[in-house]
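So the chains spell out like this:
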Amino acid sequence: MISGKFAITIHILTLLSKFPDEFLSSEFIASSMNLHPVLVRKEIVNLKKNGLVESKEGKNGGTRLFKKAESVTLDAIFKMTFETVTLGYAKNDPNPDCPIGKNINKKLDALYADINQKISSELSQMTLKSFADQF
């Protein structure tokens, strides 16, 4: 299902790309997003796991980009937050004796695969830097 996780992640990375030499605190990042710093820290853990950011602790600690913004595609960021986009399925199993019911989920799977391919193709053409340059 679609959530705000991609938007949160891209917001964090865009902010970090604007201050490439600084370690930004989770409080500073959270204030830009009107979120609790704990939620920001959870996303930063995923970004660290994927090698996009580095962090340091202490008084002057925080997080900064580890990779260059021009080397990171929005598709790579998207795939860190979602495996695939799905718009969902009915809660009840469809009637297998119905010509629609017995095929609906297969057709939805094909539709979602097509949507994901198009999303990936579009996001592959844009880097974090090109996105951040809009600000």
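Everything quoted here is computed from the prediction, not taken from an experiment.

1. Comments concerning the overall build of the protein
Within the protein, the regular secondary structure consists of 6 helices and 2 strands. Ordered by position from N to C terminus, the α and β elements of the protein give α-α-α-β-β-α-α-α. Looking at the protein alone, contacts between residues at least 24 apart form 65% of all its contacts between residues at least 6 apart. As displayed, the protein has an accessible area near 8800 Å², and 56% of this comes from carbon and sulfur atoms. Here the protein carries 18 positive and 15 negative side-chain charges, and the mean point of each set is 2 Å from the other.

2. Details of the packing of helix H1 (residues 5–18) against helix H4 (residues 74–81)
Two numbers describe how H1 lies on H4: the axes approach to 9 Å, and their chain directions differ by 130 degrees. The orientation of H1 with respect to H4, classified from their angle, is oblique. Crossing of H1 against H4: the hand is right-handed. Along its contact with H1, which presents Lys5, Phe6, Thr9, Ile10 and Leu13, the element H4 presents Leu74, Ile77, Phe78, Met80 and Thr81. Grouping the amino acids of the contact of H1 with H4 by side-chain chemistry returns 7 nonpolar, 2 polar and 1 charged.

Rules of the game
Residues numbered from 1 in each chain as written. Predicted model: local features only at pLDDT ≥ 70, side-chain atom pairs only at ≥ 80, totals over all residues. Heavy atoms only, no water. Helix = DSSP H or I, 4+ residues; strand = E, 2+ residues; numbered from the N terminus. Contact = heavy atoms within 4.5 Å. Areas by Shrake-Rupley, 256 points an atom, 1.4 Å probe, with all protein chains shown as cover. Lys, Arg positive; Asp, Glu negative; His and termini not counted. Charge placed at Lys NZ, Arg CZ, Asp CG, Glu CD. Axes fitted to C-alpha atoms, helices over the stretch in contact; angles between N-to-C directions. Parallel < 35°, antiparallel > 145°, perpendicular 65-115°, else oblique. Left-handed = near helix turned anticlockwise from the far one by under 90°. Nonpolar A, V, L, I, M, F, W, Y, C, P; charged D, E, K, R; others polar.

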